[in-house]
Amino acid sequence: ERNSLVGSEMCIRDSRKAWQQPLGYPLVGVGLTLTDYNSPKIFGRAGGIYPFVQIPLIRAGRWEWTYRFGVGLGYVTKRYSLAPDYDTINTSVSTHVNAFALCATDVRYRLNKHIDLQVGVGVSHISNALYREPNLGVNMVGAHLGVRYFPTTSAPDRILRKMAPVRHRWLVDVRGGIAHREARAEGNPIRAAYIGAASVSWRANGHNKVFAGIDAAYHKDVYAFLVNYGIYIGDEKRHAWDGGFFVGDEFLLGRLGLMAAIGVYYNQTILYFDPVNKKNGGK
């Protein structure tokens, strides 16, 4: 399908926080995106709003290479539906409100203190994390050309300070959470999943922590599935939890951490999935 994407962003380049200096003074801001999938009767249109961080990777003279990451909310006008208006072809999304994520990289040339020219590529993703099914999600990859205008200057004077030595400290992290997803049972009810994890981390430098740990989760949606289909009668709970060992890295921007981890299961639910799991998110 042909599609089109329109986006705009509002951003602030700051230097008042100590963590901004070692990261090359990143941009923080809020972006807005509108997408036309060129199939309004099936896939509809989508819009998203997302806070983002843009980090410079390389600067050389007037040239700059950056990486941008943002997560927010998206709204899809058409969703999968078994009731009027029927839309059973669209198995991509089953809810109007979804999570929206964007990753992009750009190469920029500073024409003068007011105008930057840029070219880049990006990937966007919309899904509801299986809160409702079907949920294949929509991934869109695209290239873009752009012009950025700064009313005052694109390169303001920055605060420079003597940085304190990094403390390579060890930390213990214990956390719990709750999620909800659709159960494959009569009536497709929404059921909770209870999650717990413990990990140890080591701060490698001013903006990275490496960590390793163990987690476990009890899935009431899997329990409902087992009860509904009469599987492991009387022993459903023992087959409705999973757990794994994981390692990962957390990228630090002040009090915000962006983490990615990979792990292997030591126990899985009856609804077997891949032996390796991948997680990313924020803290």
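Residues numbered from 1 in each chain as written. Predicted model: local features only at pLDDT ≥ 70, side-chain atom pairs only at ≥ 80, totals over all residues. Heavy atoms only, no water.

1. Description of the pairing of strand E11 (residues 241-253)
Step number 1: By the bridge criterion, 11 bridges tie strand E10 (residues 208-219) to E11 in an arrangement that is antiparallel. The residue bridging Tyr218 from the neighbouring strand is Trp241, located in E11.
Step number 2: In the sheet, E11 pairs with strand E12 (residues 256-267) via 11 bridges, with the strands oriented antiparallel. Counted as the bridge partner of Leu252 is Gly257 from E12. (Pairing = 2+ DSSP bridges. Helix = DSSP H or I, 4+ residues; strand = E, 2+ residues; numbered from the N terminus.)

2. Topic: the pairing of strand E5 (residues 97-110)
Step number 1: Bridge count between strand E4 (residues 63-76) and E5: 13 bridges; the pairing is antiparallel. Along E5, the bridge assignment pairs Tyr67 with Thr105.
Step number 2: Where E5 meets strand E6 (residues 115-127), 12 bridges bridge the pair, whose relative direction is antiparallel. The residue of E6 that forms the bridge with Ala99 is Ser127.
Step number 3: Counting the residues between successive antiparallel strands, the hairpin from E5 to E6 contains four residues.

3. Some remarks on the pattern of salt bridges
Step number 1: As enumerated under the stated definition, the model contains 12 salt bridges in all.
Step number 2: When the shortest N-O distance is used, the salt bridge between Arg175 and Asp173 registers 3.7 Å.
Step number 3: By relative accessible area, Arg175 is classed as partly exposed at 42%.
Step number 4: For Asp173, a relative accessible area of 27% corresponds to the partly exposed category.
Step number 5: For the salt bridge of Arg181 with Asp221, the shortest nitrogen-to-oxygen distance reads 3.4 Å. (Salt bridge = Lys/Arg side-chain N within 4 Å of Asp/Glu carboxyl O. Buried < 20%, exposed > 50% of the residue type's maximum accessible area, 1.4 Å probe, protein only.)

4. Examining the confidence of the model for the protein chain
Step number 1: Of all residues in the protein chain, 95% have pLDDT values of 70 or greater, and the mean over the chain is 89.
Step number 2: Across the protein chain, the element-wise mean pLDDT spans from 60 in strand E1 (residues 4-13) up to 96 in E10. (pLDDT = per-residue confidence, 0-100.)

5. Regarding the side chain of Ser124
Step number 1: Looking at the element boundaries, Ser124 is found in strand E6.
Step number 2: Residue classification places Ser124 among the buried residues on the basis of a relative accessible area of 12%.
Step number 3: Ignoring any residue separated from it by four or fewer positions in sequence, one finds Ser124 in contact with Phe100, Ala101, Leu102, Val138, Asn139 and Met140. (Contact = heavy atoms within 4.5 Å.)

6. Overview of a nonpolar patch on the surface
Step number 1: Together, Leu57, Ile58, Trp63, Trp65, Tyr67, Val107, Val119 and Leu145 line one region of the surface with nonpolar side chains, adding up to about 800 Å² of accessible area.
Step number 2: Those elements that provide at least two residues to the nonpolar patch are strand E3 (45-60) and E4.
Step number 3: With three residues, the single largest contributor to the nonpolar patch is E4.
Step number 4: Structurally, the position occupied by Trp65 is in strand E4. (Patch = residues over 30% accessible without salt bridge, like charges linked within 9 Å, V, L, I, M, F, W, Y side chains within 5 Å. Areas by Shrake-Rupley, 256 points an atom, 1.4 Å probe, with all protein chains shown as cover.)

7. Examining unusual backbone geometry
Step number 1: Backbone torsion omega between Glu133 and Pro134 reads -5 degrees, so that peptide bond is classified as cis.
Step number 2: Within the secondary structure, Pro134 sits in the loop between E6 and strand E7 (138-149).
Step number 3: Of note in this structure, Tyr25 is not a glycine but carries a positive phi near 60 degrees.
Step number 4: Not every positive phi belongs to a glycine, and Ala129 is a case in point at roughly 60 degrees.
Step number 5: Along the polypeptide, Ala129 turns up in the loop between E6 and E7.

8. Comments concerning the nonpolar core
Grouped burial of nonpolar side chains is what soluble globular proteins tend to show.
Step number 1: With 11 residues, the main nonpolar core is built from Tyr37, Ala46, Tyr50, Phe52, Val76, Val93, Phe100, Leu102, Ile126, Val138 and Met140.
Step number 2: Elements with a minimum of two residues in this core: E3, E5 and E7.
Step number 3: Apart from residues no more than four positions distant in its own chain, Ala46 is found in contact with Thr33, Leu34, Thr35, Tyr37, Tyr75, Val76 and Ile126.
Step number 4: Listed in part, the six residues of the second largest apolar core include Phe225, Leu226, Ala240 and Leu271. (Core = buried A, V, L, I, M, F, W, Y, C linked by side-chain atoms within 4.5 Å.)

9. Quick word on the packing of aromatic side chains
Step number 1: The tally for this structure, following the rule as stated, stands at eight aromatic pairs.
Step number 2: With centroids separated by 6.1 Å and ring planes inclined at 65 degrees, the aromatic side chains of Phe211 and Phe246 adopt a geometry described as edge-to-face. In this pair, Phe211 sits in strand E10 while Phe246 sits in strand E11, placing the two residues 35 residues apart along the sequence. Here the two residues Phe211 and Phe246 agree in accessibility, since each one is buried.
Step number 3: The ring of Phe211 has Lys283 sitting right over it, with the charged end atom 5.8 Å from the ring centre. (Phe/Tyr/Trp six-rings, centres within 6.5 Å; stacked < 30°, edge-to-face > 60°. Lys NZ or Arg CZ within 6 Å of the ring centre and 35° of its normal.)

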